[in-house]
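# Summary of the model geometry
Below, each chain spelled out in residue letters.
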Amino acid sequence: MSHKRQRATVLVVRDGRYLLVKDKGGTFYALPGGGIHQGEGVLTAARREIDEELGLKADRADHIFDYDCLECINSHKVVLVSTDAEPRVNQRELESLRWWDGKESLQTYPHVSGIVARYEAGKLPLLG
């Protein structure tokens, strides 16, 4: 099996809903985030990605778990981010964003439901 790309995958949870993004020209929604540059820490990568994609500054960021699956093309370093700022789409990178309750039928990448389910099962406290 080939080595998977390390991705900082960000959970922004607000009022029981999860922030999702769709890449330009994309079909599926994903959790925000992106590749971790060589020598870059996971929290630094997570903060950089949500700033670039959504104009969000994290008030707090915590690496809460790692996630991988057979269908995943990335190995996910999941970071829970707390922010009161309103996300906005960087149109150079993203087509759209939306808040998802985790139940509505929506075309998402395999990692989305798996990460949300693990987060909810862990009953991890919301930051804030």
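Presented here is a report on the structure given in the accompanying data block. Numbering of residues starts from 1 in every chain and runs along the sequence as written. Local features in a predicted model are, by the rule used here, given only for residues with pLDDT of at least 70; side-chain atom pairs are given and counted only at 80 or more, and totals for whole chains, interfaces and linings are based on all residues. The side-chain values count all of the structure's non-hydrogen atoms but skip hydrogen atoms and water molecules.

## Notes on the layout of surface pockets
- The calculated volume of the largest pocket comes to roughly 300 Å³.
- Along the walls of the largest pocket sit 19 residues, with Arg7, Ile73, Asn74, Tyr109 and His111 positioned nearest its centre.
- Nonpolar residues are Ala, Val, Leu, Ile, Met, Phe, Trp, Tyr, Cys and Pro. Charged residues are Asp, Glu, Lys and Arg, and all others, Gly as well, are polar. For the lining of the largest pocket, a count of residues per class yields nine nonpolar, five polar and five charged. Cavity means a closed set of points on a 1 Å grid over the protein atoms alone, one where a 1.4 Å probe fits but cannot get out, pocket means an open set with protein on both sides within 12 Å along at least 5 of 7 lines, and lining means a residue has an atom within 4 Å of a point. Grid points are joined across faces, edges and corners, and a volume is the space filled by probe spheres set on the points.

## Describing helix α2 (residues 110–121)
- Under the 1.5 Å per step criterion, the end-to-end length of α2 is 17 Å for twelve residues, consistent within 8% with the ideal 16 Å.
- Using a 1.4 Å probe on the protein chains alone, a residue whose accessible area is under 20% of its type maximum counts as buried, one over 50% counts as exposed, and one in between counts as partly exposed. A run of H or I in DSSP counts as a helix once it spans at least four residues, and a run of E counts as a strand once it spans at least two, with each numbered from the N terminus. All of the buried residues along α2 are His111, Val112, Gly114, Ile115, Val116 and Tyr119.
- Contact definition: two residues touch when any of their heavy atoms are within 4.5 Å. Next to the buried residues of α2 lie β1 (5–14), β2 (17–23), β4 (60–67), β5 (74–82) and β6 (94–100). In this analysis, the expected span of each helix is defined as 1.5 Å times one less than the number of residues it contains.

## Focus on the packing of aromatic side chains
- Pairs were defined over the aromatic rings of Phe, Tyr and Trp, the Trp ring being its six-membered one, requiring ring centres within 6.5 Å. Orientation was assigned from the angle between planes: stacked under 30 degrees, edge-to-face over 60, tilted for the rest. If you walk through the whole model with that rule in mind, you get two aromatic pairs.
- On the basis of an interplanar angle of 90° and a centroid distance of 6.1 Å, the ring pair of Tyr18 and Tyr119 is categorised as edge-to-face. Taken together, the positions of Tyr18 in strand β2 and Tyr119 in helix α2 put the pair 101 residues apart, joining distant regions of the chain. Comparing Tyr18 with Tyr119, the two get one shared label, buried.
- Geometrically, the ring pair formed by Phe28 and Tyr109 is tilted, given 5.3 Å between the ring centres and 45° between the ring planes. On the criterion of sequence distance, the pair formed by Phe28 in the loop between β2 and β3 (33–35) and Tyr109 in the loop between β6 and α2 is long-range, its members being 81 residues apart.

## A look at the pattern of salt bridges
- In what follows, salt bridge is the name for a side-chain nitrogen of Lys or Arg lying within 4 Å of a carboxyl oxygen of Asp or Glu. Within the structure shown, the criterion is met by nine salt bridges.
- The shortest N-O distance in the salt bridge between Lys4 and Asp68 comes to 2.7 Å. Here Lys4 is found in the segment before β1, whereas its partner Asp68 is found in the loop between β4 and β5, with 64 residues between them in sequence.
- A residue is classified by how much of its surface remains accessible, and Asp68, at 41% relative accessible area, is partly exposed.
- Taking the shortest distance from any N to any O, the salt bridge between Arg48 and Glu40 comes out at 2.8 Å.
- Classification of Glu40 by relative accessible area gives buried; the value is 18%.
- One salt-bridge network, in which partners are shared between bridges, spans Glu40, Arg48, Glu49 and Glu52.

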